[in-house]
Amino acid sequence: GAGGSASLWHFDNDDTASVTALVEATTREHGRLDGLHCVAGNPTLHERDLDLLSSDPAIWQDTFRNHFIAYAVAAKAAIPVMIAGGGGSIINTSSGQAIAADTVRLGYQVSKRGAELLSLHIARTYGAQHIRCNVLRYGLILSENAQARLSAEYIEDARERIAGALDASAEN
């Protein structure tokens with residue numbers, strides 16, 4: 001029907017207690033939870049999330065916490081509420097880098113692939129209880145800022161890697 005309501009809450013994606021509190025506060029205010037869209041992350045980590053030999057493992061931990069663990073914690077808090085309400089839908093945001101290996105941002109790539117596997121786990125484990133879980137996998141978004149900062153070679157390489165990964169995934 002028409003209408004509905006929404007809330008705006010401040011939370012810290014880097015703090016799992018804050019992520020859980022977000023789900024709990026939303027449920028308290030609205031009496032139920034029908035949907036969860038996990039799209040948060042910390043792009044400030046990208047500049048330090050390099051290749052295997054050049055990155056500090058602490059950056060991978062921070063990246064994994066922001067791009068995978070926060071999604072899992074939010075789903076863990078949301079799923080029991082959704083089941084009690086008769087079901088719900090979870091959308092986890094990923095990246096084309098989850099399937100098209102790049103030479104940098106190793107932690108980001110692995111954590112986004114983890115978010116995709118988490119989504120499959122949720123769908124298979126809780127689907128019979130009317131919990132749907134899907135992934136939105138974005139490719140390179142060529143905003144004005146991205147076009148100004150990225151070289152033409154990088155953009156073309158990204159297009160080729162993602163297209164190749166999609167072709168390979170279609171063959172399987």
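These numbers were taken from a predicted model, which means no experiment stands behind them. (Residues numbered from 1 in each chain as written. Predicted model: local features only at pLDDT ≥ 70, side-chain atom pairs only at ≥ 80, totals over all residues. Heavy atoms only, no water.)

Time to look at the pattern of salt bridges. Between side chains of opposite charge, a pair can form as their charged atoms come close. Going through the model one piece at a time under the given rule, you end up with six salt bridges. Asp14 serves as the salt-bridge partner of Arg65, at 2.7 Å between the closest nitrogen and oxygen. Taken as a pair, Arg65 in helix α2 (residues 57-84) and Asp14 in the segment before α1 (16-30) lie far apart in primary sequence, 51 residues in all. With relative accessibility at 24%, the residue Arg65 sits in the partly exposed group. In the salt-bridge network here, residues are joined through shared partners; they are Asp14, Asp62 and Arg65. (Salt bridge = Lys/Arg side-chain N within 4 Å of Asp/Glu carboxyl O. Helix = DSSP H or I, 4+ residues; strand = E, 2+ residues; numbered from the N terminus. Buried < 20%, exposed > 50% of the residue type's maximum accessible area, 1.4 Å probe, protein only.)

Before going further, it helps to spend a moment on a nonpolar patch on the surface. The grouping of Leu136, Tyr138 and Ile141 at the surface amounts to a nonpolar patch, some 280 Å² of accessible area in total. Position of Tyr138 relative to the elements: it lies in strand β3 (residues 131-138). Relative accessible area serves as the criterion here: at 37%, Tyr138 is assigned to the partly exposed category. (Patch = residues over 30% accessible without salt bridge, like charges linked within 9 Å, V, L, I, M, F, W, Y side chains within 5 Å. Areas by Shrake-Rupley, 256 points an atom, 1.4 Å probe, with all protein chains shown as cover.)

With that out of the way, let us pick up the confidence of the model for the protein chain. Per-residue confidence for the protein chain gives a mean pLDDT of 90, with 98% of residues at or over 70. Averaged pLDDT values over the elements of the protein chain bottom out at 79 in helix α5 (residues 152-171) and peak at 97 in helix α3 (residues 106-126). (pLDDT = per-residue confidence, 0-100.)

Attention now moves to the nonpolar core. Leu36, Met82, Ile90 and Ile122 are the most contacted members of the largest nonpolar core, which totals 21 residues. When residues in this core are grouped by element, the largest group, ten residues, is from α2. Once you skip the residues sitting within four places of it in the chain, Ile122 turns out to touch Ala75, Ile79, Ile90, Gly127, Ile131 and Cys133. (Core = buried A, V, L, I, M, F, W, Y, C linked by side-chain atoms within 4.5 Å. Contact = heavy atoms within 4.5 Å.)

Among the eight residues in strand β2 (residues 88-95), seven count as buried, and that is most of the element. As defined by bridge partners, strand β1 (residues 35-38) adjoins β2 across four bridges and the pair is classed as parallel. Note that in β2 the partner of His37 across the bridge is Ile91. At this point the chain moves from β1, through α2, to the parallel β2, and the crossover so formed is right-handed. One ladder, built from eight bridges, connects β2 with β3; its direction is parallel. Residue pairing for β3: Asn92 is matched across the bridge by Val135. Between the parallel elements β2 and β3, the chain passes through α3 in a crossover that is right-handed. (Pairing = 2+ DSSP bridges. Right-handed = clockwise from strand over helix to strand, strands pointing away.)

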